[in-house]
Structure formats: C-alpha cells, structure tokens
Amino acid sequence: PSAAILQGNRFVVSQLKPCSTQPVGNEAKSAAAEKQAAKNETFSALMRNCKFTQMGDPVGRVVVGKIYHVVDNDIYIDFGHKLPCVCQRPRGSRENFARGSEVLVKINNLELSQKFLGHEKELTLLEADCTLLGLKN
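Heads up: these notes are all about the structure in this document. (Residues numbered from 1 in each chain as written. Predicted model: local features only at pLDDT ≥ 70, side-chain atom pairs only at ≥ 80, totals over all residues. Heavy atoms only, no water.)

**Brief notes about the overall build of the chain**
So, step 1. For the chain, the helix and strand inventory stands at three helices and nine strands.
So, step 2. Counted from the first residue to the last, the chain has its helices and strands arranged as β-β-α-α-α-β-β-β-β-β-β-β.
So, step 3. The buried share of the chain, reckoned over its 137 residues, is 17%.
So, step 4. In the chain, 49% of the contacts between residues at least 6 apart in sequence involve partners at least 24 apart. (Helix = DSSP H or I, 4+ residues; strand = E, 2+ residues; numbered from the N terminus. Buried < 20%, exposed > 50% of the residue type's maximum accessible area, 1.4 Å probe, protein only. Contact = heavy atoms within 4.5 Å.)

Here it is in structure tokens:
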C-alpha cells in the first residue's frame, strides 16, 4: 500500500510498511501474563482457589474478625463472610472491645434464618451466628 503525504506545496507518494501487531518490550510480558491469567480464570479454578472453599465447612471453626460497629452492648463483627455477626460485649472489659479491635469468634451458623408468624418460608436475619471468644492477642 502507498500513501500521499503533503510536503510543502506538493504531494509525495511513499510506500507504507505493514505495522507489526506483535507487542514489544513490557507490553509483550503483560500480554503473556494476561493470556496466562485468562486461562486460569475459569469458574472451577476460581472456586478451587477461593480461601473459603479451601477452608472447608466453616461451622465450628475459630476465625479472626474485626469490630466495625458498637451499639450499647452489641458489637458487630466482620469476619470475612457475606454477613457479619452480632455478639454481646463482655461485662468485665467493655472498653477493650472498641471499634477496630480484632477478636476471635467461633462460627456456629453462617446465616440465621427463621420462620416468622404468617410466613411459610424462612426469612434471613441478615447476620451470622457466632460465639465471641475474646480479643486476638
């Protein structure tokens, strides 16, 4: 292919060389990394490599959580699951269980749900059932 380029008052016809579609330098490395990542990102691979899947059944396990909200004697703890747990603040050392503290909790149930009066299906309470074991030291 050729192209006409305006130089001064006249057109100059020049031959165009085909451009390379191959990436160069760092682009080649990142393109290869993206291709490799795309191969490994199947749903089954993501499930297999998920930390919650590798942990197995979490019921009965002790995990580390972080207090993100405190209301009177209730502390809301995020332990990395889709729903937080709500526990009572211990009587002896209430000031230690403040927002931002890391605590140990034992998971009893990942999602509390009950049948309420007039409903045939269970409704979720949007919280997990955990037992507060104490501060993480």
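**Some thoughts on the environment of Lys106**
So, step 1. Along the chain, Lys106 turns up in strand S6 (residues 102-109).
So, step 2. In sequence terms Lys106 and Leu133 are 27 residues apart; their C-alpha atoms lie 7.0 Å from each other.

**Digging into the sheet that holds S6**
So, step 1. Spatial ordering of the open sheet is given by S5-S4-S3-S6-S9, a layout of five strands whose pairing is antiparallel. Whereas interior strands pair on both sides, the edge strands pair on one side only; in this sheet they are strand S5 (85-88) and strand S9 (129-135). The mean inter-strand angle of the sheet, taken between neighbouring strand axes irrespective of direction, is 45°.
So, step 2. Where strand S3 (residues 62-71) lies against S6, five bridges are found, and the strand directions are antiparallel. (Pairing = 2+ DSSP bridges. Axes fitted to C-alpha atoms, helices over the stretch in contact; angles between N-to-C directions.)

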